[in-house]
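Structure at a glance
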Amino acid sequence: MKTEFYVEYNLYDTTALPDAKESTESNAAFGDMGLFKSKGSPPKYATLEHNFFVLDGSLSEMPDTPTDIPFFSDVQAGADGIFTKQPVIRIDFTENHTSIGLTFHFSETFPLEMEVTWYDLGGTYKSQKRFFPDKLNYFAENQVEEYGRIEIRFVRALPWHNVKLNYLEYGTTFIWGPDVIKSAKLVNDTDPISNQVKTDKLTFDFVDPDDDFNVGNINGLHKTLQKKQRMLPYEIVDGVKMPLGVFFMESNSTTKNVTQISAIDYKGMLANVDFKDGRIYAGETAGSVIEEIMTAAGIEYYTVEEEVAQTPLYGTLKIQTCQKALREVLFACAAIMNTSRRSGIEIRKSTRRISTTIPRSRKFSTTLKADTYVSDVSVKYKTWVLDAAESEITKGTYDPGIHTIQLTSPAANMSASAGRIVKQMPYYVVLEIAGNARAEVTITGHKYVGTELATLSRIEHIKSGEVRNTKTFSGTLLNYESARKVADNILDYYQLQQIIQTRHLSAEEKAGDWAEVENTLQMHGNFVACIESLSIDLTGGFVGTAKYRGYYKITSEDYYSGELYADEEVGIF
């Protein structure tokens, strides 16, 4: 088996495109530069450019008023290819941006020469460079930091041709392949009971001979690294390319021309943003709450299983990271979240359906042990009631301006003794103080009063030789009924006491999958277990170390007339 590993890194300024305001006086009347942000490609239209197309029906007839063309210059190059009146595109930003260059996506033909000038937000010149495109998707490399305006002038094209630009991107895709990558490791984790949201991590080292990513290089590419840039790792097994998921930069360091990059998945990105709009929930569906959390985190690519989406939620979400808020939703729904080998997040119920097999032929070693016996699971939760009496929520002195005041306990119907409440949510107040003087403000309102309760799920008759052992959990989006279901689900999972660890050749299994693990003792039954964690050496033959929790599958085999008849039971041992 031949294996390889490489990484595609989207080295783009991720905030530039939404911040860009494109303008021009050189666009045809039907051109719409607002289409730049959609990054689309219009149909290939037949135009009257010189020697542009053959009459074979391969191009579409251009409508009188097309609505899908972003930029089509209103002038053509002359007989010598020079534009007498140069088409110009100007892009203004409201914030500073840094990129390694610009990627132009032209339509049908590309110009032959263009000049790009970068300015800061105040209009001061920063850099200028002339480029000579040689392909439709052309990267104009010129690393510029902290720019606030770009001006693009098209100088030359094919004779009697227009400039047709679909969109541009602020950066390019960088590839690290087997020729430079020295080592790489992928850690894929999940918690089947969603008591925690565990982040998947990718770490790899590559040779950096020019110190492009060395922080000590003041002109290095490390200055263009951003937290929201997408990283796409791939494994190649016997020539077949398989995606491993989507990751994002967490940190980088360089030692002796070897750079190490650490990256996290979408689950880790959820920990970088706070969810502030939590409130008191009284039956709202999990799907709607998940949508609010994902919107706050800026994550678009996710799916939610219908059964999870329709689960009602009761309780509250305080101000916390989006990751912790989503943990509360998943815990209440007995659902899990997975990003491995996916382009986004998958949220679904945890099931025990076997989806993969770890055969003896793929294993190097197997370690077995029995986990501590659990006989009882307690789940704590709170019920909330709005206090009928008005009371003081908070008090302080504030300068003129807008202030966001966060609350540790939820409240409603709040008012201020001075200033004006612009917005209020159960866990924060936006207060405006007008004028020029500081003001002492008392905010009053009605507090929500929480009562802590708990439900207990227990094994009535414990296993012989064992003693009672209780595990305690808590959730903030539960009522009695849902807390009871969660406790039953956790207790049921902890009855699977068999802890298995294997070192094996990895295939397509991932954390969260239920696997049949073949027993090293061929005369005995196999194991059925959930993969809780999987660590893969991506440059050492894709050897993985997996940890499972599961049970021993009892199989009785009877042979009759040369045929195998199998009766199967499932038991906890």
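Quantities reported herein were computed from a predicted structural model and do not represent experimental measurements.

Brief notes about the sheet that holds strand E20 (residues 302–304)
An order of E20-E24-E23 is seen for the 3 strands of this open sheet, with the pairing classed as mixed. The sheet terminates laterally at E20 and strand E23 (335–338), the two strands that pair on one side only. Geometrically, the sheet is characterised by an average inter-axis angle of 15° between neighbouring strands, direction not taken into account. Relative to strand E24 (residues 345–349), E23 runs antiparallel, the two sharing 4 bridges.

A look at the environment of Ser253
With respect to the secondary-structure elements, Ser253 resides in strand E16 (residues 247–255). You can call Ser253 partly exposed: its relative accessible area is 38%. Considering only alpha carbons, one finds Ser253 and Arg438, 185 residues apart in sequence, at a separation of 46 Å. For Ser253, the residues in contact, after removing those within four places along its chain, are Val258, Thr259 and Gln260.

Observations regarding the pairing of E16
Two elements, strand E14 (residues 230–237) and E16, share 2 bridges in a ladder whose sense is antiparallel. Bridge pairing in E16 links Arg230 to Phe248. Two elements, E16 and strand E17 (residues 258–264), share 7 bridges in a ladder whose sense is antiparallel. The residue of E17 that forms the bridge with Thr255 is Val258. A loop of 2 residues connects E16 with E17, the two strands running antiparallel in sequence, and Lys256 in this loop sits at a positive phi of about 50°.

Points about the state of the cysteines
In the structure shown here, the tally under the stated rule is 0 disulfides. Looking at Cys322, it has no disulfide partner, and the nearest cysteine sulfur is the one in Cys333, 17 Å off. With relative accessibility at 0%, the residue Cys322 sits in the buried group.

Concerning the confidence of the model for the protein chain
Per-residue confidence for the protein chain gives a mean pLDDT of 91, with 94% of residues at or over 70. A low-confidence stretch, residues 555–573 stays under pLDDT 50, and its non-local contacts, those more than four residues away or across chains, total 28 contacts.

Considering the sheet that holds strand E29 (residues 401–406)
Read across the open sheet, the 3 strands follow the order E29-E32-E31; overall the sheet is antiparallel. Sheet topology places E29 and strand E31 (420–425) at the edges, where each strand pairs with a single neighbour. Across the sheet, the mean angle separating the axes of adjacent strands is 15° when strand polarity is ignored. The sheet contact formed by E29 and strand E32 (residues 428–433) spans 6 bridges and is antiparallel. From the neighbouring strand, His403 faces E32, where its bridge partner is Leu431.

Re the packing of helix H3 (residues 286–297) against helix H5 (residues 322–333)
Two packed helices can be described by the angle between their axes and the distance between those axes. Viewed as axis vectors pointing N to C, H3 and H5 meet at an angle of 165°, and their least axial separation amounts to 10 Å. One way to sum up the angle between H3 and H5 is to call them roughly antiparallel. For H3 against H5, the interelement crossing comes out left-handed. Two secondary-structure elements touch here, H3 through Ala286, Val289, Ile290, Ile293, Met294, Ala296 and Ala297 and H5 through Cys322, Ala325, Leu326, Val329 and Cys333.

Definitions and limits used
Residues numbered from 1 in each chain as written. Predicted model: local features only at pLDDT ≥ 70, side-chain atom pairs only at ≥ 80, totals over all residues. Heavy atoms only, no water. Pairing = 2+ DSSP bridges. Helix = DSSP H or I, 4+ residues; strand = E, 2+ residues; numbered from the N terminus. Axes fitted to C-alpha atoms, helices over the stretch in contact; angles between N-to-C directions. Buried < 20%, exposed > 50% of the residue type's maximum accessible area, 1.4 Å probe, protein only. Contact = heavy atoms within 4.5 Å. Disulfide = S-S within 2.5 Å. pLDDT = per-residue confidence, 0-100. Parallel < 35°, antiparallel > 145°, perpendicular 65-115°, else oblique. Left-handed = near helix turned anticlockwise from the far one by under 90°.

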